[in-house]
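The primary structure of each chain is shown beneath.
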Amino acid sequence: MTTSAAPATGVVLPAEAWLPRARDHAERADALTAGYRERRAQGERHAIDDFMYDYYGVKSSHLRRWHPGPGVVLAGSPDDLAAHASWRWYRAVDGGVALDAEGFLAERRSTVEHVRTLLAGTASRPAHVGCLGLHEWAMVYRQDDTRRRHSLPLRLGREGTDAVVEAHPLRCSHFDAFRFFTPDAVGRNREQLTRETQTATEQPGCLHANMDLYKWSAKLVPAVPGELLLDCFVLARDIRTLDMQASPYDVSSLYEPAVAIETPAGKAEYVGRQRAFAERAAVLRQRLLEVADGLVGPAS
């Protein structure tokens, strides 16, 4: 934390206003991560839930940290302010402690601008649904079983899994899913995606683009209010569950029902849930855009 005092700006929250929010946030985070922390202590793995930590790389302890966001001064005693005062990108100001937005932007401006560009571009496009989660199938298409990302068995077996891929068009629009396609699956996708074209191809119906709102919220911490970070986490975990239910893997050992996208009923269920996730994500995407615009101004 920057130690030089500066004039207080923005909303000043007294301790009796923000300390309960911080406690409620920590309790919510603890409840959301309890299963993961218990399994980790016992050396156990979970193919659905662990993705939230392995892929996104955010520690459960960091999820407990409540941040008020820019333009808020936290007032209180030295003991009240001790935690925030010790965190990076906070500074002492007249009246308490606040986010050091200038210091944050000095190091993270390019990240904030990239996130804003990606989110705004995604929000500007129509949502396309009906990809049926075939990205997960394309990641194991014609692949030696010893190279699979998960130890779970294939629900339809090797030949049945490959047949599903061959019977459906691949319409993946998310580069970070596409880059894990097997070599035989790459050419089957409607579009050859690249990192350079990601900001032009992300669309708001994509499960992974909507899961990644959690990634982008974490990239903007501590400028992102704590409640928004956890809202994005919950959405991502909910989507991850469908992602694996609709995958080629047999998730019955995880007490999850399969969404059999190779059947008419499974297709309908997948599309319906995908649309609902897109609606939830649109609200969170707008909230994140407001944070980014507040830091660097709206895109021209």
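Look up: the structure comes first, before these words.
Overview of the structure.

Conventions used here
- Residues numbered from 1 in each chain as written.
- Predicted model: local features only at pLDDT ≥ 70, side-chain atom pairs only at ≥ 80, totals over all residues.
- Heavy atoms only, no water.
- 1 Å grid on protein atoms, 1.4 Å probe; cavity = no way out; pocket = protein on both sides within 12 Å on 5 of 7 lines; lining within 4 Å.
- Points joined across faces, edges and corners; volume = space filled by probe spheres on them.
- Nonpolar A, V, L, I, M, F, W, Y, C, P; charged D, E, K, R; others polar.
- Helix = DSSP H or I, 4+ residues; strand = E, 2+ residues; numbered from the N terminus.
- Phe/Tyr/Trp six-rings, centres within 6.5 Å; stacked < 30°, edge-to-face > 60°.
- Buried < 20%, exposed > 50% of the residue type's maximum accessible area, 1.4 Å probe, protein only.
- Lys NZ or Arg CZ within 6 Å of the ring centre and 35° of its normal.
- Core = buried A, V, L, I, M, F, W, Y, C linked by side-chain atoms within 4.5 Å.
- Contact = heavy atoms within 4.5 Å.
- Axes fitted to C-alpha atoms, helices over the stretch in contact; angles between N-to-C directions.
- Parallel < 35°, antiparallel > 145°, perpendicular 65-115°, else oblique.
- Left-handed = near helix turned anticlockwise from the far one by under 90°.

### A word on empty space enclosed by the protein
Left-over empty space is what a probe sized like a water molecule reveals as it rolls over the atoms.
Okay, so step 1: The final tally for this structure, using the stated rule, is two cavities of 30 Å³ or more.
Okay, so step 2: What the largest cavity holds in volume is close to 60 Å³.
Okay, so step 3: Lining the largest cavity are Phe-51, Tyr-55, Glu-136, Met-139, Arg-149, Asp-176, Ala-177, Phe-180 and His-208.
Okay, so step 4: Here the residues of the lining of the largest cavity sort into five nonpolar, one polar and three charged.
Okay, so step 5: Taken as a whole, the second largest cavity holds about 40 Å³ of empty space.
Okay, so step 6: Lining the second largest cavity are Leu-118, Leu-119, Thr-122, Glu-202, Ala-209, Leu-213, Trp-216 and Arg-285.
Okay, so step 7: Broken down by secondary-structure element, the contributors of at least two residues to the lining of the second largest cavity are helix H5 (101-123) and helix H12 (213-219).
Okay, so step 8: Counted by class, the lining of the second largest cavity contains five nonpolar, one polar and two charged residues.

### What about the packing of aromatic side chains?
Okay, so step 1: Enumeration according to the criterion identifies eleven aromatic pairs in this entry.
Okay, so step 2: Considering the side-chain rings of Tyr-56 and Tyr-214, the 5.3 Å spacing of their centres and the 80° angle between planes classify their relative orientation as edge-to-face. A residue pair is termed long-range when its members are at least 10 positions apart, and Tyr-56 in the loop between helix H2 (51-54) and helix H3 (60-63) and Tyr-214 in helix H12 qualify at 158 residues.
Okay, so step 3: Judged by relative accessible area, which is 11%, Tyr-56 ranks as buried.
Okay, so step 4: We note Arg-240 situated over the ring of Phe-51; from NZ or CZ to the ring centre the distance is 4.2 Å.

### Description of the nonpolar core
Okay, so step 1: Counting residues in each nonpolar core, the largest one holds 63 residues, and the members touching the most others are Tyr-214 and Ile-261.
Okay, so step 2: Sort the elements by how many residues they give to this core and helix H14 (residues 264-296) lands first, with ten residues.
Okay, so step 3: Listed in part, the eleven residues of the second largest apolar core include Ala-15, Leu-74, Leu-81 and Val-97.

### Focus on the environment of Lys-267
Okay, so step 1: Note on placement: Lys-267 falls in helix H14.
Okay, so step 2: Given the relative accessible area of 25%, Lys-267 is considered partly exposed.
Okay, so step 3: Remark: the alpha-carbon pair of Lys-267 and Asp-176, spanning 91 residues in sequence, is separated by 23 Å.
Okay, so step 4: Setting aside anything within four residues of it in sequence, one finds Lys-267 in contact with Leu-132, His-168, Ala-260, Ile-261 and Glu-262.

### Re the packing of helix H1 (residues 15-42) against helix H13 (residues 226-245)
Angle between the axes and distance between the axes: these two values describe a pair of packed helices.
Okay, so step 1: Contact pair H1 / H13: the axes reach a minimum separation of 10 Å and the direction vectors enclose 15°. In terms of orientation, H1 and H13 fall into the roughly parallel class. The two elements H1 and H13 meet at a crossing, and its hand is left-handed. Contact residues: Arg-21, His-25, Arg-28, Ala-29 and Leu-32 in H1; Gly-226, Glu-227, Leu-230, Asp-231, Phe-233, Val-234 and Arg-237 in H13.
Okay, so step 2: When the residues that make up the contact of H1 with H13 are grouped by side-chain class, the tally is five nonpolar, two polar and five charged.

### Side note on unusual backbone geometry
Okay, so step 1: A cis amide bond links Val-221 to the next residue, Pro-222, at an omega of 10°.
Okay, so step 2: Checked against the element boundaries, Pro-222 lands in the loop between H12 and H13.
Okay, so step 3: Positive phi is not limited to glycine here, since Trp-89 has a value of about 70°.
Okay, so step 4: For Trp-89, the position within the fold is in the loop between helix H4 (78-86) and strand S3 (90-93).
Okay, so step 5: Exposure remark for Trp-89: the relative accessible area of 11% places this residue in the buried category.
Okay, so step 6: Positive phi is not limited to glycine here, since Leu-132 has a value of about 65°.
Okay, so step 7: In this structure, Leu-132 sits in the loop between H5 and helix H6 (134-138).
Okay, so step 8: According to the relative accessible area criterion, Leu-132 is buried, its value standing at 7%.

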